[in-house]
Amino acid sequence: MRRAGRWRRTTPGVALVLALLLASCGGSGADEPTSGAEAGATAAAPDPTDASTAPGQDGSDGSEDGDGSGGGEQPTVGLDPAFAVDPPGRLKDLPRTADILVQTQAGISDETVAAIRRLPGVQDVEQLSMLQISIENRVLNLAAVDPATYRRFTPGQVPQTREVWDRVAGGELAISPELQKKLPVDKDGFLALDPGSPEVHLGALAPQIENAVDAVVNDKWGAELGAEPGNALLVSTGIVAPDKVVGPLSRLLPKQTSVQRLDSVARYGLDINAKQTAFVVGSVSSAVGVFNYTVLGGGRIAPEPAWEQANITTAQVPILGSVRCNKAIIPQLTAALREVVETGLADEIHPDEYAGCYYPRFIAGSTTLSNHSFGLALDFNVPGNLRGTVGEMDRTVVAIFKRWGFGWGGDWRYTDPMHFEAVRIVDVR
């Protein structure tokens, strides 16, 4: 896999920023040992809630504006010019509240955006792309944005923290700080968003829009990952209650559009009265596509029936017998299990300890989708392969499943050795 930009063009301004980051972020893991991956990410990831990492706080970026947005020519912070866009410069408008997230299954026309801007109660609108990426069974909401304008809708001091947006414009990734220890960032600060794409460098830890966005890249990265251009909107209603705008806004959009409130009413979870949209990209996107779902009690979701009918099936496979999974992985699952049998290792998979494949639900205690929600993951030999352990899975069985397009949770940063999931769709002839 090609790594995005293993060369660096560092100006004195960037060197100073990196030194500040090392000084201010080095001790974030008081309760857990800091691995090489964590150290690499931390050294390249400013925390905009910490004044010591914000450009302009000590005059180090030459700012004369006093707002942290900088002035004059900015440093080059990107690691790969192929994924760089024009630098955002200083903040050119007032920050906005992110009150409503709109997501469609296709792009939103300029005419529709203009009509939404004219609605009473709408203060501002930002068009972007929303997509989902699966990393170690965690489906992240990724926003592909124009850093210069999207920044206005982010919380707290993030809009004024120019270093974050310089890095996103330069082709780097910004994530919510709580994700830092949950993602497999390598010792140099790189992360594979998908097995079929270049790796992206983690450039910033920055609070994101709650219940809507986990991570941010620029539009060039969105195109690389297969985002649908302009399929989402952030709507600011200012002092007007968002519920006053949701109805008129919805009438301007297709019936299957997700219109989700992000205000305090929905702050402690998803807006359960709204459709949610999954737009999964990457190596398994052909098995998932785009679909809407509703949120049920107990962490469960209900995908739209047409999607479930088209994608989920019950089939007979070797060793396990009847399984209910995504249709796309049945051939490679069958092939993997058949090879396990032919290798004489059938006894290493215990049908009575199989915990299933298709479970439309969130990861326990979260509103993050699992790959089980798409029918792409299976749990084997549960009692002896609990999370955080090396597990008892036979390593030859693991190797066979990897050959047939499955990733193994035992390789993860926080291990889950019972878990196998499709990371690519294999054409079984």
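Refer to the preceding data block for the structure.
Residues numbered from 1 in each chain as written. Predicted model: local features only at pLDDT ≥ 70, side-chain atom pairs only at ≥ 80, totals over all residues. Heavy atoms only, no water.

Asks: Please clarify how the overall build of the protein should be interpreted in this entry.
Replies: Within the protein, the secondary structure is distributed over eleven helices and 17 strands. In the protein, which comprises 429 residues, the share counted as buried stands at 53%. Taking contacts inside the protein between residues at least 6 apart in sequence as the whole, the part at least 24 apart equals 69%. Of the roughly 18,100 Å² of accessible surface on the protein, a fraction of 52% belongs to carbon and sulfur atoms. (Helix = DSSP H or I, 4+ residues; strand = E, 2+ residues; numbered from the N terminus. Buried < 20%, exposed > 50% of the residue type's maximum accessible area, 1.4 Å probe, protein only. Contact = heavy atoms within 4.5 Å. Areas by Shrake-Rupley, 256 points an atom, 1.4 Å probe, with all protein chains shown as cover.)

Asks: Sorry, what's going on with the packing of helix α10 (residues 330–342) against helix α11 (residues 395–403) here?
Replies: Helix-helix packing: each pair is described by the crossing angle between the helix axes and the interaxial distance. At a minimum axis distance of 9 Å, the contact between α10 and α11 shows a crossing angle of 150°. By the angle between their directions, the pair α10 and α11 is classed as roughly antiparallel. The crossing of α10 and α11 is right-handed. Residue-level inspection shows L333, A336, L337, E339 and V340 of α10 in contact with α11, the latter providing V397, I400, F401 and R403. (Axes fitted to C-alpha atoms, helices over the stretch in contact; angles between N-to-C directions. Parallel < 35°, antiparallel > 145°, perpendicular 65-115°, else oblique. Left-handed = near helix turned anticlockwise from the far one by under 90°.)

Asks: When you look at the packing of aromatic side chains in this model, what are you seeing that I'm missing?
Replies: For any pair of aromatic rings, the description consists of the separation of the ring centres together with the inter-plane angle of the planes. Throughout the structure, instances matching the rule amount to twelve aromatic pairs. Seen from their ring centres, F291 and F374 are 6.1 Å apart, and the 80° between their planes marks the pair as edge-to-face. Placement of the pair is F291 in strand β11 (residues 290–295) and F374 in the loop between α10 and β15 (377–379), with a sequence separation of 83 residues. Each member of the pair F291 and F374 is classed as buried. Aromatic side chains F401 and F406 sit 5.4 Å apart centroid to centroid with 65° between the ring planes, which places their arrangement in the edge-to-face category. (Phe/Tyr/Trp six-rings, centres within 6.5 Å; stacked < 30°, edge-to-face > 60°.)

Asks: Can you help me understand the state of the cysteines in this one?
Replies: Two cysteines whose sulfur atoms are joined by a covalent bond form what is called a disulfide. Per the counting criterion, the structure on display carries one disulfide. A disulfide bridge connects C325 with C357, and the sulfur atoms are separated by 2.3 Å. Across the disulfide from C325 to C357, rotation about the S-S bond amounts to roughly 135°, and the bridge is consequently right-handed. Within this pair, whereas C325 is found in strand β14 (residues 321–326), its partner C357 is found in the loop between α10 and β15, the two being separated by 32 residues in sequence. Comparing C325 with C357 shows no difference in burial state: the two are buried. (Disulfide = S-S within 2.5 Å.)

Asks: Just to check I follow, could you spell out the sheet that holds strand β16 (residues 406–408) for this structure?
Replies: Picture the strands of a sheet paired through backbone hydrogen bonds; they go either parallel or antiparallel. Taken in spatial order, the three strands line up as β15-β17-β16 in an open sheet, and their pairing is antiparallel. Of all strands in the sheet, those bounded by a partner on one side alone are β15 and β16. For this sheet the average axis-to-axis angle between neighbouring strands, irrespective of direction, equals 25°. With three bridges joining them, β15 and strand β17 (residues 419–422) adopt antiparallel strand pairing. When the bridges of β17 are listed, L378 appears paired with F420. (Pairing = 2+ DSSP bridges.)

Asks: Help me understand the sheet that holds strand β2 (residues 124–135), please; the structure alone is not making it clear to me.
Replies: Reading across the sheet, the nine strands line up as β5-β6-β4-β7-β3-β2-β8-β1-β9 and stay open at both edges, with mixed pairing between neighbours. In this open sheet, the two strands that pair with only one neighbour each are β5 (190–191) and β9 (258–261). With four bridges joining them, strand β1 (residues 100–103) and β9 adopt antiparallel strand pairing. Along β9, the bridge assignment pairs Q103 with S258.

Asks: Would you take a moment to explain helix α7 (residues 243–250) for this structure?
Replies: In an α-helix, one full turn covers 3.6 residues, which means residues spaced three or four apart are oriented alike. Restricting attention to buried positions, one finds in α7 the residues V245, V246 and L249. Buried residues of α7 fall within an arc of 110° about the axis and therefore sit on the same side. Contact partners of the buried residues in α7: β1, α3 (110–117), β8 (232–236) and β9. (Arc of directions from axis to C-beta.)

Asks: Please clarify how the pairing of strand β10 (residues 276–279) should be interpreted in this entry.
Replies: Two faces belong to every sheet, and in a regular strand the side chains alternate between them. The alternating pattern of β10 places Q276 and A278 and T277 and F279 on opposite faces, both of which are buried. Where β10 meets β11, four bridges bridge the pair, whose relative direction is antiparallel. Bridging across to β11, T277 finds its partner in N292.

Asks: I keep staring at the nonpolar core and nothing clicks. Help me out?
Replies: The nonpolar side chains of soluble globular proteins are, as a tendency, buried together. Grouped together as the largest cluster of nonpolar side chains are 43 residues, with contacts concentrated most on L333, L378 and F401. Contributions of two or more residues to this core are made by α8 (285–288), β11, β13 (312–317), β14, α10, α11, β16 and β17. It is α10 that contributes the most residues to this core, five residues altogether. For this core, the two domains that each supply at least three residues are domain 1 (81–282) and domain 2 (304–422). Setting aside its immediate chain neighbours within four residues, F401 contacts L333, A336, L337, V340, I349, F380, F406 and F420. If you look at the next biggest cluster of nonpolar residues, it comprises 24 residues, including V185, V200, L225 and F279. (Core = buried A, V, L, I, M, F, W, Y, C linked by side-chain atoms within 4.5 Å. Domains from an automatic or database assignment.)

Asks: Which parts of the structure should I look at to understand unusual backbone geometry?
Replies: For residues besides glycine, phi is generally negative; the peptide bonds are generally trans as well. A positive phi angle, near 50°, is found at E136, a position not held by glycine. Here E136 lies in the loop between β2 and β3 (138–145). Within the chain, I319 stands out as a residue other than glycine whose phi angle is a positive 70°.

Asks: Teacher, can you tell me more about the environment of V246 here?
Replies: With respect to the helices and strands, the residue V246 is situated in helix α7. The spatial distance from the C-alpha of V246 to the C-alpha of V102 is 9.7 Å, given a sequence separation of 144 residues.

Asks: Sorry, what's going on with the pattern of salt bridges here?
Replies: Pairing is possible between side chains of opposite charge, provided their charged atoms come close. All told, the structure shown has 14 salt bridges when counted by the stated rule. Close ionic contact of K187 with D188 constitutes a salt bridge, the shortest N to O distance being 3.6 Å. The exposure class assigned to K187 is exposed, which follows from its relative accessible area of 59%. Owing to a relative accessible area of 30%, D188 belongs among the partly exposed residues under this scheme. (Salt bridge = Lys/Arg side-chain N within 4 Å of Asp/Glu carboxyl O.)

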